[in-house]
Every structure is written in C-alpha cells, then in structure tokens.
Amino acid sequence: MTAPLGVGVVGTGVISEEYLRNLTSFPDLRVVAVADLDPARAAASAARHGVPRSSTVDELLADPGIGLVVNLTVPAAHVEVSLAAIEAGKHVWVEKPLGLDLRGARALLDLAARRGLRVACAPDTLLGAGWQTARRAVDAGVIGEPRTALALFQSPGPESWHPAPEFLFQPGGGPLLDMGPYYLTGLVHLLGPIRRVTATGGRARDTRVIGSGPRAGAEFPVTVHTAVSALVEFERGGSAQAVFSFDSAVHRTGFVEVSGTLGTVVLPDPNRFDGETAVHLFDGGQTLAPQGHGATRGTGVLELARSIRAGEPERASGELAYHVLDAMLAIEDSIALGRPVDVGSTVEPPPALLADWDPHAVSPAAR
Ligand SMILES: NC(=O)c1ccc[n+]([C@@H]2O[C@H](COP(=O)([O-])OP(=O)(O)OC[C@H]3O[C@@H](n4cnc5c(N)ncnc54)[C@H](O)[C@@H]3O)[C@@H](O)[C@H]2O)c1
C-alpha cells in the first residue's frame, strides 16, 4: 500500500488558484506545501486551499514528504526552479513554456534523465475530455489521414485582465510562447512532429498599460513580437497555417481545424478542457460531445504521478514540450532570418487517454 504522492507547489500567482482547486481534490495526490517569492501570497494561498504549510522555496525543496514539485512560476524562472527541484530529488511538473531557450531546457531534461526523475510540462488542457474526444475520433480515422490544419489565436492581449502582465510581453511570453504551446502541441498530437517553419512577425505597440489590479494604469515595455504568422510543415507530410496575435481588437481564439483525406474536424479550444468537436465529412457530418472527466488544470500533474507509479511514460512529457519550444524558437528565428528554418528535435506524440480515465478514482497504488 502506497500513500498519495506528496506535492509541493512553487508559485502561487493567478494560475495556481485553478491548479490548487484540482490538485487538492485528487485522492492520488496530497498537496503538502506551497511556496512563493512573496511569503504572504504563499501563506494566503495555503489558507485558502487547506494546504498544511507555506514556506520558502528552499524549505519546500528540502521536504522529504514531497515527491513532485509543481512549478507555476513565470517563464524566466521555469528552468531555474525546475533544476533546483531535480537537484533536490523531486519529479517536476512545469507550466509552459518549458524554458526561454533550448540550452536551458535541454540541461533540465538531461539532468532529470541522469537522476532517474521526470519533467513533464503544460499544457494539460489537451488531456481534457474535449480534446481527447477529438483525438480518439481522429485516431479512429474519422477524417482519414490528417493532411492540413488551420490554427488561430487573435486577441487584444492579456494586459487588460492580468494584474502582473509584464512577463507575457517579454521573452518566454508574447502570443507565440504564451499561447503557441496549446495550439502547436495540439497539432503535434494530430499531425506528428514539426520539421520546418516559415514565419513573419511584428509588433503593433512598443508599450502596454496594465488594466487591472493594484498597479492598473502603469505602462510597461513590450520586447517580443505580438503578431506572428507561421507556416508549419510536419515530418510525416502535411502542413498547418497558424496565427498568434495580441494585436487584434477581434477575439478569435481557440480555433483549430484539421483536414484529412475523408473530411475535416473542427476541434475544441486547445486552451480548455471541454468543448464539442465538429466532424465535417464530404457527405454529412456529426458533432461529438466531450466524453471523459471534468477536471481542469492539474490533470497533467496527476497523469504524471500515476505514470511514475505505473512505470509508464507520461503524456505531457518534457520531450514533447521541448519539441514545441524548439518549433516556437525556430519560428522566431525564421522571422529574424526571413527564410524557412528546420526544427532540429523530434518526438513521438503520446497516446490518447481512455475515455473512462477518472482523476477522482483512487489508484490501487495510492490506497
Ligand atoms: N494566468 C493564466 O491564465 C495562465 C494560464 C495558463 C498558464 N499560465 C502559466 O502559468 C505560469 C504562471 O502564470 P501566472 O499568471 O500565475 O503568473 P503570476 O505572475 O500571477 O504568478 C507567478 C508567481 O510566481 C512567483 N515566482 C516568480 N518567480 C519565482 C521564483 N523564482 N520562486 C518562487 N516563486 C516565484 C511570483 O511571485 C508569482 O506569485 C506562467 O508560466 C504562465 O504562462 C498562466
């Protein structure tokens, strides 16, 4: 009989709320402690979610009761905090993007491999009932062989609602590094690894203004492209067009369409866990309601923990996130160089989850 896996959460900002609601509801996990650079924020988070302790990051990493660290810090700290967790002997779940550059991301994955530890990475939205229902239908051949895709994310940008949005307009952010992981990881699930990209990019404004929270009204600099258009070619053949923009007054988000030899599938928003799938065939079509669990952010942490205990590969793997980071940085390189850029890494897309995968069940190993 093995106890639930002890989890420590580092970074108790905006997205930690949704994570902690879910992580504290999964019987296979026990959230033991939270930590943040801001101790008051960590303490308030622990109190809100009934977590036994809030502490410094070092104290959390030294806790022998924690086997898995959930890193919800800003992108610039993802590699540093995750490396420290691996050094401390913990498995890691990290928010996206995996890192700011390939060197840091590779160093993290290599150290984890040497230590026999796992690094898994967001997004886990693709493990939700919505996307997984679509994924199982495509795997079953509903549209034949996937060949082309269209992915669109266009919005005015997150500075209106995020109280500390600067990181979303610095390296590691922008619509490509912030939103790209959902869309590009989704495309890799369906069309396989990316072999080459060609892209253009620009920036409508050099500064933005915080729209909410205690610092509302403050202006801050934008140092990344805020509109990116990319042509993505896949190793297996086939291609996708993708638009990632924080420069649009029109909200057109969550759009992913994949066409195959028999028809077209319009997928749910890859940044959500639910949503219907529309299947268009040349002689009709159907709508697929999501089949599966209703949990949200934190699902990937649980899937990682169960995979560790089962001795199986986790689905939201560090290598998948590394490949998507590689593709996103290749898109940046293509914008800078004005030519197509090859993507050096490759990855095998993970298998679909079974429709009856239940996050609230108690695994035999956790009883
Ligand atoms: N906000 C969202 O809607 C959202 C959604 C999905 C994913 N994410 C991802 O989650 C991550 C966090 O985003 P957020 O919106 O919660 O940001 P946030 O700024 O609200 O919170 C980040 C927290 O991390 C803490 N932190 C930063 N560096 C640290 C360090 N070295 N050690 C300990 N704590 C540290 C900060 O003090 C802050 O409390 C980002 O990678 C983001 O891309 C955010």
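Look up: the structure comes first, before these words.
Residues numbered from 1 in each chain as written. Predicted model: local features only at pLDDT ≥ 70, side-chain atom pairs only at ≥ 80, totals over all residues. Heavy atoms only, no water.

(A) Looking closely at the packing of aromatic side chains. Enumeration according to the criterion identifies five aromatic pairs in this entry. Ring plane angle 70° and centroid distance 6.1 Å describe the contact between F153 and Y183, whose orientation is recorded as edge-to-face. Here the residue F153 occupies a position in strand β7 (residues 146-154), and Y183 occupies one in helix α7 (residues 174-191), the gap between them amounting to 30 residues. A relative accessible area of 8% means that F153 is categorised as buried. For the ring pair F169 and F246, a centre distance of 5.5 Å and an interplane angle of 55° mean the geometry is tilted. In this pair, F169 is assigned in the loop between β7 and α7 and F246 in the loop between β12 (239-245) and β13 (252-260), connecting sequence segments 77 residues apart. The two residues F169 and F246 agree in class, both being buried. (Phe/Tyr/Trp six-rings, centres within 6.5 Å; stacked < 30°, edge-to-face > 60°. Helix = DSSP H or I, 4+ residues; strand = E, 2+ residues; numbered from the N terminus. Buried < 20%, exposed > 50% of the residue type's maximum accessible area, 1.4 Å probe, protein only.)

(B) Region of interest: the sheet that holds strand β3 (residues 53-55). Read across the open sheet, the six strands follow the order β3-β2-β1-β4-β5-β6; overall the sheet is parallel. Here the strands that pair on one side only, and so sit at the sheet edges, are β3 and β6 (119-121). The sheet shows a mean angle of 25° between the axes of neighbouring strands, direction not considered. Packing of helix α1 (residues 16-23) onto the sheet brings it into contact with β1 (5-10), β2 (29-35), β4 (68-71) and β5 (91-94), and relative to β2 it is tilted by some 150°. (Pairing = 2+ DSSP bridges. Axes fitted to C-alpha atoms, helices over the stretch in contact; angles between N-to-C directions. Contact = heavy atoms within 4.5 Å.)

(C) Representation of the packing of helix α6 (residues 129-139) against α7 in the model. At a minimum axis distance of 10 Å, the contact between α6 and α7 shows a crossing angle of 25°. The orientation of α6 with respect to α7, classified from their angle, is roughly parallel. Here α6 runs over α7; the crossing is right-handed. Contact with α6, carried on its side by W131, Q132, R135 and V138, involves G186, H189 and L190 of α7 and no other residues of that element. In terms of residue class, the contact of α6 with α7 is made up of three nonpolar, three polar and one charged. (Parallel < 35°, antiparallel > 145°, perpendicular 65-115°, else oblique. Left-handed = near helix turned anticlockwise from the far one by under 90°. Nonpolar A, V, L, I, M, F, W, Y, C, P; charged D, E, K, R; others polar.)

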